[in-house]
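Structural features, examined
Given next are the chains, with one letter for each unit.
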Amino acid sequence: MRLVVLGPPGAGKGTQARRLVELFGVPQLSTGEMLRAAVADGTDLGRAVRAMMDRGELVPDEVVNQMVSARIDRDDCRNGFILDGYPRTVEQAAALTAMLDGKGTKLDAVIALKLDRDVLIERMAKRVADTLAAGGTVRSDDNPETFARRLEEYGQTAGPLLDYYRRRGELVSIDGMQGMEAVTRNIAKRLGGASSDPDG
Ligand code: AMP
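Reading guide: rules and limits
- Residues numbered from 1 in each chain as written.
- Predicted model: local features only at pLDDT ≥ 70, side-chain atom pairs only at ≥ 80, totals over all residues.
- Heavy atoms only, no water.
- Core = buried A, V, L, I, M, F, W, Y, C linked by side-chain atoms within 4.5 Å.
- Buried < 20%, exposed > 50% of the residue type's maximum accessible area, 1.4 Å probe, protein only.
- Helix = DSSP H or I, 4+ residues; strand = E, 2+ residues; numbered from the N terminus.
- Contact = heavy atoms within 4.5 Å.
- Pairing = 2+ DSSP bridges.
- Axes fitted to C-alpha atoms, helices over the stretch in contact; angles between N-to-C directions.

As a further point, take the nonpolar core. With 30 residues, the main nonpolar core has Leu6, Phe81, Leu83, Leu96, Leu107 and Tyr165 as its most contacted residues. When residues of this core are traced back to their parent elements, those giving at least two are β1 (2–6), α2 (31–41), α3 (44–54), α4 (61–72), β3 (81–84), α5 (90–102), β4 (109–114) and α7 (144–167). With six residues, the single largest contributor to this core is α7. Filtering out sequence-adjacent residues up to four positions away, leucine 83 remains in contact with Leu3, Val4, Val5, Leu29, Val68 and Leu96. Among the nonpolar cores identified, the runner-up in size contains 22 residues, and Leu20, Leu151, Ile174 and Ile187 belong to it.

The next thing to look at is the sheet that holds strand β5 (residues 171–175). The sheet built from five strands is open, its strands ordered β2-β3-β1-β4-β5 with parallel pairing. On the outer flanks of this sheet lie β2 (28–30) and β5, each paired with one strand and no other. Neighbour-to-neighbour, the strand axes of this sheet turn through a mean angle of 20°, independent of strand direction. Across four bridges, the pairing between β1 and β4 is parallel. Each residue of the ladder has a partner; that of valine 4, found in β4, is valine 110. Contacting β1, β4 and β5, α7 runs over the sheet at an angle of about 145° to β1.

Here you go:
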């Protein structure tokens, strides 16, 4: 199963991707997590992207395209993957299509989570409060200004990206305002995998 999960920041893309991993037994590939790991490890890549990430800006397409291409060539992706946070631009989507074409394969579906902006802002504030209450460390781009920038960036790039996949007949829109389990159930149903729903 080769899936992309799209949605605004704070939509629960990562959560849904992790649940789909259980459902389909393929790895989750999160470009945000890969980049944060590179920053934490202080690699050349991490040093190059750190400031852009802290400002809530996208890192250059070539950087993420190369990272994803190398990752999906690894053995654990032979039966598929769940991409979360990539592609973010039409250029990245076209690069992904070309990568998969080159391997003689294609995406099964692109899941687009739909949520209202106010709910996203509330969820971000709650995620920060919960993390701090648990003594955890808050992501450096989870603050109101950067979050607003990330939402704005999504608003600008999402339309063309969704159109790209709609034209290819790969887009599956899902109401992301319901509870986490209901959203997974809906995705599974739309993919024709309702019987393997982890919640029964
Ligand atoms: P995320 O965890 O997906 O919200 O990503 C966090 C940050 O990583 C973003 O604000 C970007 O700076 C960077 N990033 C992650 N994925 C991409 C991507 N596909 N293209 C460009 N930048 C990305």
